[in-house]
Amino acid sequence: MIYDIIGDIHGQADKLIGLLNKLGYHHDGTSHVPPKGHQAIFIGDFVDRGSRQLDTLKIVFAMLDNHHAQAVMGNHEYNALAYATPDIHNPTGGYLRPHSLHNTIGHQAFLDEIPFGSSLHQYWLNRFYELPLWLETDDCIFIHACYDTRAIDALKPYLTTQNQLTPDALQATGRHRTPSFLAIEHLLKGLETTLPQGMTMTDKTGITRTNARIKWWVNDWQHQPMSQVLFADDLPNTPLACLSDMLANFYINTTKPIFIGHYWLHDTPAPLSSQVVCTDYSAGKDGHLTAYRFDTTNPTLSANNFIQYIEPLSPVG
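It should be emphasised that the depicted structure is a prediction, and the values quoted were computed from it without experimental measurement.

Scoring rules and cut-offs
Residues numbered from 1 in each chain as written. Predicted model: local features only at pLDDT ≥ 70, side-chain atom pairs only at ≥ 80, totals over all residues. Heavy atoms only, no water. Helix = DSSP H or I, 4+ residues; strand = E, 2+ residues; numbered from the N terminus. Polar contact = N/O pair within 3.5 Å; in protein donor to acceptor, adjacent residues only side chain to side chain. Contact = heavy atoms within 4.5 Å. Salt bridge = Lys/Arg side-chain N within 4 Å of Asp/Glu carboxyl O. Buried < 20%, exposed > 50% of the residue type's maximum accessible area, 1.4 Å probe, protein only. Core = buried A, V, L, I, M, F, W, Y, C linked by side-chain atoms within 4.5 Å. Arc of directions from axis to C-beta.

Caption draft 1: Representation of the side chain of Thr-56 within the structure. With respect to the secondary-structure elements, Thr-56 resides in helix α2 (residues 53–65). A polar contact of 2.8 Å, which involves the side chain of Thr-56, links it to the backbone oxygen of Arg-52. Each residue touching Thr-56, except ones within four places of it in the same chain, is listed here: Ile-9, Gly-11, Gln-12, Ala-13, Leu-16 and Phe-46.

Caption draft 2: Quick peek at the pattern of salt bridges. Counted according to the given criterion, the structure contains seven salt bridges. Where Asp-14 meets Arg-52, a salt bridge forms, and the shortest distance between an N and an O atom there is 2.2 Å. Taken as a pair, Asp-14 in helix α1 (residues 13–22) and Arg-52 in the loop between β4 (38–42) and α2 lie far apart in primary sequence, 38 residues in all. By relative accessible area, which is 49% here, Asp-14 ends up partly exposed. In this structure, Arg-52 and Asp-55 form a salt bridge, with 2.9 Å as the shortest nitrogen-oxygen distance. Residue Arg-52 is classed as partly exposed on the basis of its relative accessible area of 25%.

Caption draft 3: Representation of the nonpolar core in the model. Membership of the largest hydrophobic core comes to 98 residues, with the highest contact counts inside it found for Ile-6, Phe-42 and Trp-216. If one sorts the elements of this core by residue count, α2 sits on top with seven residues. What Phe-42 contacts, discounting residues up to four positions off in sequence, is Ile-6, Ile-9, Leu-16, Val-60, Met-63, Ala-69, Gln-70, Ala-71 and Val-72.

Caption draft 4: Layout of helix α5 (residues 119–128). Among the residues making up α5, those that are buried are His-121, Trp-124, Leu-125, Arg-127 and Phe-128. Around the axis of α5, the buried residues are gathered within 160° of arc, so they sit on the same side. In this fold, the buried residues of α5 make contact with α2, α3 (75–84) and α4 (101–113).

Shown next, in the form of structure tokens:
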């Protein structure tokens, strides 16, 4: 089997069609069909940011419905569910994902095409529930942000047998700072740690933060310099300090290749390690939609297996 693992699309249907064509997929009148012996794997984050939200969803889910692809949930699909779901544990009302200005702006491209509370909105929320949080085959693992088996074990009691959320699971994971909330944050948003006192970072949306994402695929990252293992600039060359037990004792306890998205990379595509590949190269904004072609008969990870769709330049004048 050859898996074509496709990174975060974020409503960029033109880029998705271009990449599928480059990968050798054809449209049979119902959905895009892979070359013989291939299957597409979508790594999540289909929505928000881009100008063709609904078209992206129709392409992806047509492939799922016709068994030409599999997919996992991204944090943006999870956020869409939480944004639309009242918090039953909040006596003053409100939603699991508050309708703050920041959250609404980040979700506006989706809401512009799929109005909040409409029947179309409910249809796509129901489809998002179908997406598992991770997929594991005999050969590899697919998950949006981080493969954390302790987080997976904490969530399993809330999930279906296919590793899917339920409305009850959404309520449980939406309660801030609970073990289930932290667990789903690990799987869908990655590991984070607090920056040294007095230090901040600015994320891709312009928000100033005191936490930074961890490059959890780096070997023995807990004892490596912060400058090498955090997504932040101008950090000291000293190891991390004051890690929680869940972070301090984190390790990758599988030998299978792990495929992720989420991290908005910009450099020339290459495996993150001998075991981990990220396929998110910022297609949601100015980057190229990227796939990794993984042949289960040759599991060695290589930069040569990346395929990007490079958008044609707009004519001048």
